[in-house]
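# Descriptive structure summary
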Amino acid sequence: MRGMNPFRPTFGASPHLWAGRQQILTDFATGLAGGPGDPHRSLVIGGARGIGKTVLLTELEDIAISNGWVVLRATGREDTVDTLVNSTIPAKLNELDPPAKRTVTGVSIAGVGRIDSDVADHTEPVPTLGLRLRELLALLETGVMITVDEVQDADPESLSRLAVTYQDLIRDEANVSLVMAGLTHGIGKLLDLPGTTFLRRARRYELGPLQDEDVARILTGTSDKPFDDVAPAVEIAQGYPYLVQLLGYLAYARSGERIGAADIAAVRDECVETMGAQVHHPSLKDVPAAQLAYLHAMADGLTSTSDIAERLGKTPNATTDTRSKLLDRGLIDVAGWGHVQLALPYLAEFLRGGGRINRIS
Ligand SMILES: Nc1ncnc2c1ncn2[C@@H]1O[C@H](COP(=O)(O)OP(=O)(O)OP(=O)(O)O)[C@@H](O)[C@H]1O
Ligand SMILES: [Mg+2]
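A brief structural summary. Just so it is clear, the model here is predicted, and its values are computed rather than measured.

What follows is about the site of ligand 1. Taken together, 22 residues form the shell around ligand 1, and within it R8, G12, A13, K53 and T54 come nearest. A distance of 2.6 Å separates an oxygen atom of ligand 1 from a polar atom in the backbone of G12. One nitrogen or oxygen atom from the main chain of G50 is found 2.9 Å from an oxygen atom belonging to ligand 1. Burial of ligand 1 by the surrounding chains reaches 95%, relative to a free accessible area of 640 Å². When atoms are counted within 2 Å of each cavity's grid points, the one that captures over half of ligand 1 is the largest pocket. Residue assignment for the shell around ligand 1 shows that the elements contributing at least two residues are helix 2 (53–66) and helix 9 (241–254). Taken together, the residues of the shell around ligand 1 sort by class into 12 nonpolar, six polar and four charged.

Here is the structure:
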């Protein structure tokens, strides 16, 4: 037995060992170096639940921070703009330029511009996002990165205010970056709204499954116990980052000095069941009967939208609305013309098992 389990099957928790997504990281670093208006400073990242959007945002934030940038984190789950204006940015301003020290002149902090006296009072009335950001930028020689997670839940009005402000700052050659992440279809819908037009020109990335060699690297590189053979674990994980961490965690926990084939085989079912309890069950919670019926037809192996409609005893047109609602929920993906697929690994098994949560240890 070794020390603490090094795997982290927790949403939003950065892994001990990162692998994959190299292109995005490189592009972003290039964008920061590229100067104001560089297209790689505006990113929109889409993907299914548990595919690694939040931890990718954290990696990108780390790149910005290591370049001396200030990072402002926001989420679509709260009023994005109000939170930035009324708490996140004021907190940063006070951190960089504490009110008590504001009389000090000529102080220079690494990465921070020269601070002179009589900087505007940070509690002026009716601040707007644009004013706040300009105030912050004035204190910096570097730039400001804004990240917005869970964009699919954002209020369109708030997102559009953010987009307009960001566009203004870019026009003024400010050093700003905006990176947004969320469920694929929800993002698509938000970017189609008027007011967010500008964001449609941002670099779009769609996170797919990790490559098998990256999965193998995460498993063997995270664990301080050697794997006898990592291949069966890679197969179970199906490139899905949450499953990689979960499987690693469970196999590590039950193994002795080495992680053997028996350890991996023994935790396979628990892994799939936990995936059901943690991911499938919550995402199916409020799904109405018509959509569930559609999913069950898919779980039985149907992928053609006309076959699914036929199974449901409906015309293809009558199921269009159901399909688009399932796309919105991130439960299915379009898989070529007239075809759909379940968006998450083991969702078919979960549905075929009656959508119940079984034993969880
Ligand atoms: N590139 C990676 N390398 C190693 N582990 C990863 C990687 N990407 C994600 N993970 C792991 O996968 C799990 C899920 O990641 P994350 O929480 O970022 O997913 P998400 O896409 O934000 O999910 P949700 O849509 O529910 O917010 C976490 O345990 C995380 O540590
Ligand atoms: Mg997330």
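Attention shifts here to the layout of surface pockets. Each pocket or cavity is described by its volume, and for the largest pocket that value is around 660 Å³. Lining the largest pocket are 35 residues; nearest its centre among them are F11, G12, G50, I51 and G52. For the lining of the largest pocket, the secondary-structure elements that each account for two or more residues are helix 2, helix 9 and helix 10 (261–284). For the second largest pocket, the calculated volume is near 300 Å³. The wall of the second largest pocket is formed by 22 residues, among which G47, A48, E206, D333 and A343 lie closest to the centre. At three residues, strand 8 (residues 332–334) tops the list of elements feeding residues into the lining of the second largest pocket.

This brings us to helix 13 (residues 320–328). Residues of helix 13 that are buried: T322, L326 and L327. On an axial view of helix 13, the arc spanned by its buried residues comes to 140°, and they lie on one face. Buried-residue contacts for helix 13 involve helix 6 (184–191), helix 11 (289–299) and strand 8.

Angle between the axes and distance between the axes are the two parameters that describe a pair of packed helices. At their nearest, the axes of helix 11 and helix 13 sit 10 Å apart, and the two run at 85° to each other. For the element pair helix 11 / helix 13, the angle class is roughly perpendicular. In contact with A290, Q291, Y294 and L295 of helix 11, helix 13 contributes T322, R323, K325 and L326.

Definitions and cut-offs
- Residues numbered from 1 in each chain as written.
- Chains lettered and ligands numbered in written order.
- Predicted model: local features only at pLDDT ≥ 70, side-chain atom pairs only at ≥ 80, totals over all residues.
- Heavy atoms only, no water.
- Near = heavy atom within 4 Å.
- Polar contact = N/O pair within 3.5 Å; in protein donor to acceptor, adjacent residues only side chain to side chain.
- Areas by Shrake-Rupley, 256 points an atom, 1.4 Å probe, with all protein chains shown as cover.
- 1 Å grid on protein atoms, 1.4 Å probe; cavity = no way out; pocket = protein on both sides within 12 Å on 5 of 7 lines; lining within 4 Å.
- Sits in = over half its atoms within 2 Å of the grid points.
- Helix = DSSP H or I, 4+ residues; strand = E, 2+ residues; numbered from the N terminus.
- Nonpolar A, V, L, I, M, F, W, Y, C, P; charged D, E, K, R; others polar.
- Points joined across faces, edges and corners; volume = space filled by probe spheres on them.
- Buried < 20%, exposed > 50% of the residue type's maximum accessible area, 1.4 Å probe, protein only.
- Arc of directions from axis to C-beta.
- Contact = heavy atoms within 4.5 Å.
- Axes fitted to C-alpha atoms, helices over the stretch in contact; angles between N-to-C directions.
- Parallel < 35°, antiparallel > 145°, perpendicular 65-115°, else oblique.

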